[in-house]
Structure formats: C-alpha cells, structure tokens
Amino acid sequence: MVEAISGYFGPIIPVLIGCEMIKSITAILMTFHLVSASSETFQVFALISDLLFYFFPFFLAVSAAKKFNTHEYLAIALAGALMYPTIMDGAKAVAETGKSYLSFFGLPILLVNYKSTIIPIILSVWIMSYVYKYINRLISDIFKILFVPMLVLFIMVPLELIVIGPFGSYIGQWVAKTVTWLYSTNGVIGAFLFRTFRPLLIILGMHYAITPLNTQLIAEYGYSLISPANLTGNLARAAAGIAVFLLLKNKVEKETALTSGVTALFGVTEPVIFGFNPKYKKPMICAMIGGGATYINFFGGGATAIILPGLLALPTYIADNYIHIIIGISISMVFAFLSTLLLGIIQPESQVANRKE
C-alpha cells in the first residue's frame, strides 16, 4: 500500500522539491532574523512554499486519475469538492460556531480541513474510476456528454464528503489518542513506537493530527516530549536519502535523491519520503528502525517550540544534558546511513523490466 501511494507522487516530485526548497530557505531566513514572520515578504515566501501542500488534493487527483486510467477532469472536480470554501471555511469556524457538519438529506457531511490530505482524494478517484466506467457503459453515446458527468458527480461528491473524507479524519483522531496514551503510559516506549511508525503516518497524511498535541504540551508544560521523534525521524530519513544517492547509478535520479536528502536535513522530508525511501523499500525500513528518539526521551528530551524539525531547529530542543540531543540524532543518522549502504536498495519492478528489455 505504501509503495502504491508513493507511486502517485512520482509526477509531482519536481513541484514538491521546489516548494520544499523555498520552505527551507524561508526557515533559514527566519532563523537568522533576515525576514520577519509578520512581513509581506514572508507572506510571499509562505505562499510559494505552500502552493503544493495547500492544494495537495488537486495534484494527487491528476496523478491518481492517470494511475487508475479514468477521467482526469472529473477527478479534479472531486478535489474541488474537498477544497470548496463551504467545507474549508466551515472547518475553520467549527470552534467558533460549534457547527461541525452539514446535512445532506439527513446525512452528515463533516466539516474537515482537507488541504494537505492524501488518502481521501486517492480513494475517491479510485472508486470514481469504477463508477465512471459503469455509467459510461450504461449510457447511450448520444447522451454521454449530458448524463455521464452529472451522474458521476452526483454519486461521488456526496460519497466522498460523507464517507471517504471523514474516514481519514476519524483514523487521524484515533492515532492522536493512541500516541497520547503511549507517551503517558511509558514515554520511552511511546517514543520508540511513534518514531518508528511516523513515516507511515506521513504517507497516509495522518501526522497532522499530532500537531495539536505538540501545541498543547508546549502551552501547558513549556516543552513537548513528542517532538524528539519528529527530529530524529527526519534526520534519519535524510541520512537514508543521502545513502540512496550514493547507491544509485542513474545521474538524474542521483541528483534528485541528493537534493531530497539535503532538504530533509532542514526538516523538509516529503521529497525523500514520497520519492525515494519507500520506492527502494530498504532505506525506508532502515530510517524507521533507528532509536535516537528513545535515547533522547530517556534523558528527558523535548522541544520548546513548534518548528520544522531539522538541523536549524536544534536550539529549540532540550534534555537533562544537551549532549544527549547530539547523541540521539547521531544514533538515528548513523544507523540509517550505514544500514542503507550495507543492505542496498530494491529496484522497482518497472525499472528492472525496462533494463531487461
């Protein structure tokens, strides 16, 4: 499943890397106080870096439509339904209005922010591919242009908003509660499990459910003990990505892998997560196993601010002694890098077939 999901990101990797590089530059400028977060210049930088992430469903709709061999523009329409102002504005106003859903013939349409979600649009386009084929066969050629798009949208948009979209939201809430329970029961075990499986949460788009937990912990206690898993995980993925760069033979792939690995060092991991580590399998596993977060949490580790978890964020991390932060990230990075080099990479079947031809 992870391999399939990561495959949808292939065509949009260049845009992903471009936006992430701008995000990294913005983080550097803010770290050295060259740009103020309240300035209009920062707003433009934020606009550019968030282009892809805000409109993720649109990009994925096109990619998924090609994968499922279905109508691309109807797929984009499904993305538009997720991003429509009625849904997006309603989701923002839930805390103020208390209204969390719309009623459609008595069925609830949850008001959810879908801007950075992955699973809802992919599932919607997949189901639409079957609905579209069935209706297209059912309707006479004379009436296709009139009734096929109408029936597909009338079936899929309510299904998407009532069932498919909220499903991912429910799972995200469950994950957040599970992480909270793990850390409250045993912080070290919680750090190990969260650190290990966080890449899967990112691929499934469910890691956003953890952000409110970090914010709440910092507000109440002055630091978040969940954050070390974010830091060591990102740096481990960066190290694995750089190891992939050394293992690859194709010049273009090598350059992209290196760029992805370097951006991950600054907390921007989407290119390496969606473009390389899952694609070659072993690097992803190696990056997941390293136990640096467990070590840091054992020595009272945490973070005092919500910031991209990368090298530039190191001053915001604390522990009983700061050396434990350095040791923890070193454990994760060295393990991910060396184990990836030793185990190598598994070439995707499509590439192997092309070489045989």
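The preceding data block contains the structure.
Residues numbered from 1 in each chain as written. Predicted model: local features only at pLDDT ≥ 70, side-chain atom pairs only at ≥ 80, totals over all residues. Heavy atoms only, no water.

Undergrad: Can you lay out the overall build of the protein for me, pointing to particular residues and giving the numbers?
TA: When its secondary structure is counted, the protein shows 18 helices and four strands. For a compact globule of 357 residues, the expected C-alpha radius of gyration is about 21 Å, and the protein comes in at 22 Å, within 12% of that figure. Its C-alpha atoms give the protein principal-axis dimensions of about 75 × 60 × 45 Å. For the protein, the proportion of its 357 residues judged to be buried stands at 48%. Contacts spanning at least 24 positions in sequence make up 74% of the contacts within the protein whose residues lie at least 6 apart. (Helix = DSSP H or I, 4+ residues; strand = E, 2+ residues; numbered from the N terminus. Rg over C-alpha atoms; globule rule 2.2 N^0.38 Å. Buried < 20%, exposed > 50% of the residue type's maximum accessible area, 1.4 Å probe, protein only. Contact = heavy atoms within 4.5 Å.)

Undergrad: Lay out the packing of helix H12 (residues 227–247) against helix H13 (residues 251–265) with the relevant residues and their values.
TA: Two elements in contact, H12 and H13, have axes separated by 8 Å at closest approach and are oriented at 160°. Between H12 and H13, the angle falls in the class roughly antiparallel. Crossing angle aside, the handedness with which H12 passes H13 is left-handed. Contacts between H12 and H13 involve Asn234, Leu235, Ala238, Gly241, Ile242, Val244, Phe245 and Leu246 from the former and Lys254, Ala257, Leu258, Gly261, Ala264 and Leu265 from the latter. Of the residues belonging to the contact of H12 with H13, the class tally is ten nonpolar, three polar and one charged. (Axes fitted to C-alpha atoms, helices over the stretch in contact; angles between N-to-C directions. Parallel < 35°, antiparallel > 145°, perpendicular 65-115°, else oblique. Left-handed = near helix turned anticlockwise from the far one by under 90°. Nonpolar A, V, L, I, M, F, W, Y, C, P; charged D, E, K, R; others polar.)

Undergrad: Requested: an account of a nonpolar patch on the surface, with residues and values cited.
TA: Taken together, the side chains of Val44, Leu47, Ile48, Leu51, Tyr54 and Phe55 make up a nonpolar region of the molecular surface, amounting to roughly 500 Å² of accessible area. Assignment of secondary structure puts Val44 in helix H3 (residues 40–54). (Patch = residues over 30% accessible without salt bridge, like charges linked within 9 Å, V, L, I, M, F, W, Y side chains within 5 Å. Areas by Shrake-Rupley, 256 points an atom, 1.4 Å probe, with all protein chains shown as cover. Salt bridge = Lys/Arg side-chain N within 4 Å of Asp/Glu carboxyl O.)

Undergrad: Explain the pairing of strand E1 (residues 101–104) to me, and be specific about the residues and the numbers.
TA: Here E1 pairs with strand E2 (residues 107–110) via four bridges, running antiparallel. Bridging from a neighbouring strand, Tyr101 pairs with Leu110 of E2. The antiparallel hairpin formed by E1 and E2 contains two residues in its connecting segment, where Phe105 sits at a positive phi of about 55°. (Pairing = 2+ DSSP bridges.)

Undergrad: Got a sec to walk through the side chain of Ser129? Specific residues and values, please.
TA: Tracing the sequence through the fold places Ser129 in helix H8 (residues 119–138). Contacts of Ser129, omitting those with residues within four sequence positions, involve Phe68 and Thr70.

Undergrad: A description of the nonpolar core should follow, citing residues and the corresponding values.
TA: By size, the foremost hydrophobic cluster in this structure holds 60 residues, and its most contacted members are Phe9, Leu60, Ile121, Val152 and Phe274. Among the elements that take part in this core, H8 stands out by supplying seven residues, more than any other. Leu204, Ile210, Ile226 and Ala229 belong to the second-largest nonpolar core, a separate cluster that totals 16 residues. (Core = buried A, V, L, I, M, F, W, Y, C linked by side-chain atoms within 4.5 Å.)

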